[in-house]
Amino acid sequence: MPSSEVTHTSAANPLWNPWCNDRGTFELYRRRCREEAEEMTCAGQAAEILAERVGPGETLLDAGCGGGYYLHALRRRGVPVEYHGLDFTPEMIALAREEMCPRAGLARERFTVGTIEGLDQDYDNILCFNVLTNCPHYGLALEAMLAHARRRVVLRESLGDDLVIRYTPDPYLDEGKRHIRVYHNIYPLAEIVSLMEERGFQVTQVPDRRSGDGVEMVVDLPHYWRILVAERSI
Ligand SMILES: C[S@@+](CC[C@H](N)C(=O)[O-])C[C@H]1O[C@@H](n2cnc3c(N)ncnc32)[C@H](O)[C@@H]1O
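Residues numbered from 1 in each chain as written. Predicted model: local features only at pLDDT ≥ 70, side-chain atom pairs only at ≥ 80, totals over all residues. Heavy atoms only, no water.

1. Structural notes on the overall build of the protein
Counting its secondary structure elements, the protein contains six helices and 12 strands. Rg of the C-alpha trace for the protein: 17 Å, near the compact-globule value of 17 Å for 234 residues, within the 12% margin. Dimensions along the principal axes, computed over C-alpha positions, put the protein at roughly 50 × 45 × 45 Å. Taking all 234 residues of the protein together, 51% fall into the buried category. When contacts within the protein are restricted to residue pairs at least 6 apart in sequence, those whose partners lie at least 24 apart make up 74%. (Helix = DSSP H or I, 4+ residues; strand = E, 2+ residues; numbered from the N terminus. Rg over C-alpha atoms; globule rule 2.2 N^0.38 Å. Buried < 20%, exposed > 50% of the residue type's maximum accessible area, 1.4 Å probe, protein only. Contact = heavy atoms within 4.5 Å.)

This is the structure:
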């Protein structure tokens, strides 16, 4: 088929993408970039987990990076990684380039618009926090991360015993955009661990500090945030 007949998109469609229709969250992310908002507990914990594991000069992809503010948490703890950010919302990458690049002395190319599912480069570390829970399903994105992580994947998502798909209205979206529904899924922890092991990783669960491995209500729905560290063994 001629390439002119094939459309490849790397950005989410604004018609269904909640992340470009939520001014409140966007401005919170800007304050995090400017270090005007408190550090997220989970960002600090991600940096601590990585600090114990990464060697100097290793690359790290922050998959679903939002404004790229996890870099602050990494730098505060002296984690010596070469940081890259990927997000399928162009507004998020524009925010990261505007706010993070000058503050952190990074070239704008360190932030890319793209989907996790479409990853086509390898990184030593892939960090993915609070992203797949809001995707239609975790499968394709997790497979892509496992295929492209040379050393480890560190994941934080809402995980439980059974698959629960929820696709619900979000009253916090911008006025006029509240017809957009958002996924708030719970994925089977055992299934995710099995997939990681099948792909050659050894998996450790680290207790989530923010939720105490309990339940947290997000948009009035129970979420079960769990952290998995998958280390490549073969
Ligand atoms: C809840 S925010 C989390 C941002 C950041 N990781 C954090 O913990 O604060 C989810 C981000 O992931 C991005 N995202 C969601 N699904 C994605 C996908 N399949 N590929 C790339 N980015 C995605 C969204 O655009 C959004 O910026």
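2. Quick look at the packing of aromatic side chains
Both the distance between ring centres and the angle between the ring planes are used here to describe each pair of aromatic rings. Across all of its chains, the model carries seven aromatic pairs by this definition. The structure contains a cluster of three or more aromatic residues connected by ring pairs, namely Tyr29, Tyr69, Tyr70 and Phe129. In this structure, arginine 32 is placed above the aromatic ring of tyrosine 69, and the distance from its NZ or CZ to the ring centre is 5.3 Å. (Phe/Tyr/Trp six-rings, centres within 6.5 Å; stacked < 30°, edge-to-face > 60°. Lys NZ or Arg CZ within 6 Å of the ring centre and 35° of its normal.)

3. Overview of the side chain of asparagine 134
By the secondary structure assignment, asparagine 134 is in the loop between strand 4 (123-129) and helix 5 (139-148). A residue is classified by how much of its surface remains accessible, and asparagine 134, at 18% relative accessible area, is buried. Discounting residues that sit within four places of it in the chain, asparagine 134 has contacts with Trp19, Val182, Tyr183 and His184.

4. Structural notes on the site of the ligand
Lining the immediate surroundings of the ligand are 20 residues, of which Tyr69, Tyr70, Asp87, Thr89 and Asn130 lie closest. Measuring from an oxygen atom of the ligand, one finds a side-chain N or O atom of threonine 89 at 2.6 Å. Note that an oxygen atom of the ligand is positioned 2.8 Å from one of the side-chain N or O atoms of asparagine 130. Here the ligand, which alone exposes 590 Å², has 97% of that area covered by the protein. Residue classes in the shell around the ligand are distributed as 11 nonpolar, six polar and three charged. (Near = heavy atom within 4 Å. Polar contact = N/O pair within 3.5 Å; in protein donor to acceptor, adjacent residues only side chain to side chain. Areas by Shrake-Rupley, 256 points an atom, 1.4 Å probe, with all protein chains shown as cover. Nonpolar A, V, L, I, M, F, W, Y, C, P; charged D, E, K, R; others polar.)

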